[in-house]
Amino acid sequence: AQSVTQPDIHITVSEGASLELRCNYSYGATPYLFWYVQSPGQGLQLLLKYFSGDTLVQGIKGFEAEFKRSQSSFNLRKPSVHWSDAAEYFCAVGGKEYGNKLVFGAGTILRVKS
Amino acid sequence: EPEVTQTPSHQVTQMGQEVILRCVPISNHLYFYWYRQILGQKVEFLVSFYNNEISEKSEIFDDQFSVERPDGSNFTLKIRSTKLEDSAMYFCASSGDSDTQYFGPGTRLTVL
């Protein structure tokens, strides 16, 4: 069965510092991978996605993620964090083989120190 | 930019009552989904809907749940007789190609 692990429940970084949020997945076929962000009181906003091709994908708000098949990982990165990036980040896996339903990780709450 | 909308933002109901959660998907999308997130737990899939019928449903989606697309714009989730454990945030999502899902802001359901 598909599963997603986000090992870090909370992460705190200083404004201007770099960020990496970890995501590992288990999937029996070619995965579609996603990162969503949820700000307080808001819905899930799509940051970026990976279907195939170049393993480094760019998203909105200056985020990028790298797909590493050998490590079953899809880590999210940002070179310089802004205070407005404070939110909860969810990694998700889906794909046609499983009806395109998304399986989510537990989320990582990002706090930004000024 | 088109977006998925959901109403109400917060619904409070008594146990055993019926609730209907409403969603307006992005206008040219054909695939619709409901997910829920119980406080402190993962976002979990409930049901997918395409071509006016359920494509897939999870174990959670039992006979107490139903979905409907009553007109060309709305997509609803009905819970027939709510239980305390139905308290959660319910997210609607839509997709134009079935690959990428766009989510609404959610409805927080509180069952007393």
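Above this text you will find the structure in question.
What counts, and at which threshold
Residues numbered from 1 in each chain as written. Chains lettered and ligands numbered in written order. Predicted model: local features only at pLDDT ≥ 70, side-chain atom pairs only at ≥ 80, totals over all residues. Heavy atoms only, no water. Core = buried A, V, L, I, M, F, W, Y, C linked by side-chain atoms within 4.5 Å. Buried < 20%, exposed > 50% of the residue type's maximum accessible area, 1.4 Å probe, protein only. Helix = DSSP H or I, 4+ residues; strand = E, 2+ residues; numbered from the N terminus. Contact = heavy atoms within 4.5 Å. Pairing = 2+ DSSP bridges. Axes fitted to C-alpha atoms, helices over the stretch in contact; angles between N-to-C directions. Disulfide = S-S within 2.5 Å. Phe/Tyr/Trp six-rings, centres within 6.5 Å; stacked < 30°, edge-to-face > 60°.

### Thoughts on the nonpolar core
Point 1. Among the nonpolar cores identified, the biggest contains 28 residues, and Leu19, Trp35, Leu47, Leu48, Phe74, Leu76 and Tyr89 of chain A are the most heavily contacted of them.
Point 2. Among the secondary structure elements, those contributing two or more residues to this core are strand S2 (10–14), strand S3 (19–21), strand S5 (32–38), strand S6 (44–50), strand S8 (64–68), strand S9 (73–78), strand S10 (87–94) and strand S12 (108–113) of chain A.
Point 3. Per element, the largest residue contribution to this core is 4 residues, and it comes from S10 of chain A.
Point 4. Apart from residues no more than four positions distant in its own chain, Phe74 of chain A is found in contact with Cys23, Leu33, Phe34, Trp35, Leu48, Lys49, Tyr50, Val57, Ala65, Glu66 and Phe67 of chain A.
Point 5. Ranked by size, the runner-up nonpolar core spans 22 residues in total, among them Phe32, Phe49, Phe75 and Cys92 of chain B.

### Considering the sheet that holds strand S1 (residues 5–7) of chain B
Within a sheet, each strand pairs with its neighbour through backbone hydrogen bonds, oriented either parallel or antiparallel.
All names here are of chain B.
Point 1. Within the open sheet, the 4 strands sit side by side as S1-S3-S8-S7. Their pairing is antiparallel. Both edges of this open sheet fall to S1 and strand S7 (65–68), since each of them pairs with a single strand only. Strand-to-strand twist of the sheet, defined as the mean angle between neighbouring strand axes without regard to direction, takes the value 20°.
Point 2. Direction of pairing for S1 relative to strand S3 (residues 19–24): antiparallel, over a ladder of 3 bridges. Note that in S3 the partner of Thr7 across the bridge is Arg22.

### Points about the state of the cysteines
Point 1. As enumerated under the stated definition, the model contains 2 disulfides over all chains in all.
Point 2. Between Cys23 of chain A and Cys91 of chain A runs a disulfide, and the two sulfur atoms are separated by 2.0 Å. A torsion of -65° about the S-S bond marks the disulfide between Cys23 of chain A and Cys91 of chain A as left-handed. Of this pair, Cys23 of chain A sits in the loop between S3 and strand S4 (24–26) while Cys91 of chain A sits in strand S10, and the two are 68 residues apart along the sequence.
Point 3. According to the relative accessible area criterion, Cys91 of chain A is buried, its value standing at 0%.
Point 4. Each disulfide pairs two cysteine sulfurs, and for Cys23 of chain B the partner residue is Cys92 of chain B, the sulfurs being separated by 1.9 Å. The S-S bond linking Cys23 of chain B to Cys92 of chain B shows a torsion near -65°; that makes this disulfide left-handed. With Cys23 of chain B in strand S3 and Cys92 of chain B in strand S9 (residues 88–95), this residue pair connects regions lying 69 residues apart in the sequence. Across the pair, exposure class does not vary: Cys23 of chain B and Cys92 of chain B are buried alike.

### Points about the pairing of strand S8 (residues 75–79) of chain B
Residue and element names in this part refer to chain B.
Point 1. The buried fraction of S8 amounts to 4 of the 5 residues, a majority that puts the element mostly inside the structure.
Point 2. Across 5 bridges, the pairing between S3 and S8 is antiparallel. In the strand pairing of S8, Leu21 is matched with Leu77.
Point 3. Strand direction decides the pairing type here: S7 and S8, joined by 4 bridges, are antiparallel. In the sheet register, Glu68 faces S8, and the bridge partner there is Thr76.
Point 4. If you look at the hairpin formed by S7 and S8, you'll find 6 residues sitting between the two strands.

### Here we look at the packing of aromatic side chains
Think of a pair of aromatic rings as described by two things: how far the centres are apart, and how the planes are tilted against each other in angle.
Point 1. Per the counting criterion, the structure on display carries 21 aromatic pairs over all chains.
Point 2. Residues Phe104 of chain A and Tyr35 of chain B carry aromatic rings whose centres are separated by 5.8 Å and whose planes lie at 85° to one another, so their mutual orientation is edge-to-face. Of this pair, Phe104 of chain A sits in strand S11 (residues 103–104) while Tyr35 of chain B sits in strand S4 (residues 31–37), placing the two residues on different chains.
Point 3. Using a relative accessible area of 0% as the deciding quantity, one classes Tyr35 of chain B as buried.
Point 4. Grouped by ring-pair contacts, the aromatic residues Tyr32, Phe34, Tyr36, Phe51, Phe90 and Phe104 of chain A together with Tyr33, Tyr35, Phe45, Phe91 and Phe103 of chain B constitute a single cluster.

### Regarding unusual backbone geometry
Point 1. In this chain, Thr7 of chain B is followed by Pro8 of chain B through a cis amide linkage whose omega measures -10°.
Point 2. As for its placement among the helices and strands, Pro8 of chain B is situated in the loop between S1 and strand S2 (10–13).
Point 3. A positive phi is found at Ser72 of chain A, a non-glycine position, where the angle reads about 50°.
Point 4. Residue Ser72 of chain A is classed as partly exposed on the basis of its relative accessible area of 26%.

### Observations concerning the pairing of S5 of chain A
Residue and element names in this part refer to chain A.
Point 1. S5 sits mainly inside the fold: 7 of its 7 residues count as buried.
Point 2. Both faces of S5 are covered, namely the face carrying Tyr32, Phe34, Tyr36 and Gln38 and the face carrying Leu33, Trp35 and Val37.
Point 3. Sheet analysis places S5 next to S10, joined by 7 bridges and oriented antiparallel. Across the sheet, Phe34 pairs through a bridge with Ala92, a residue of S10.

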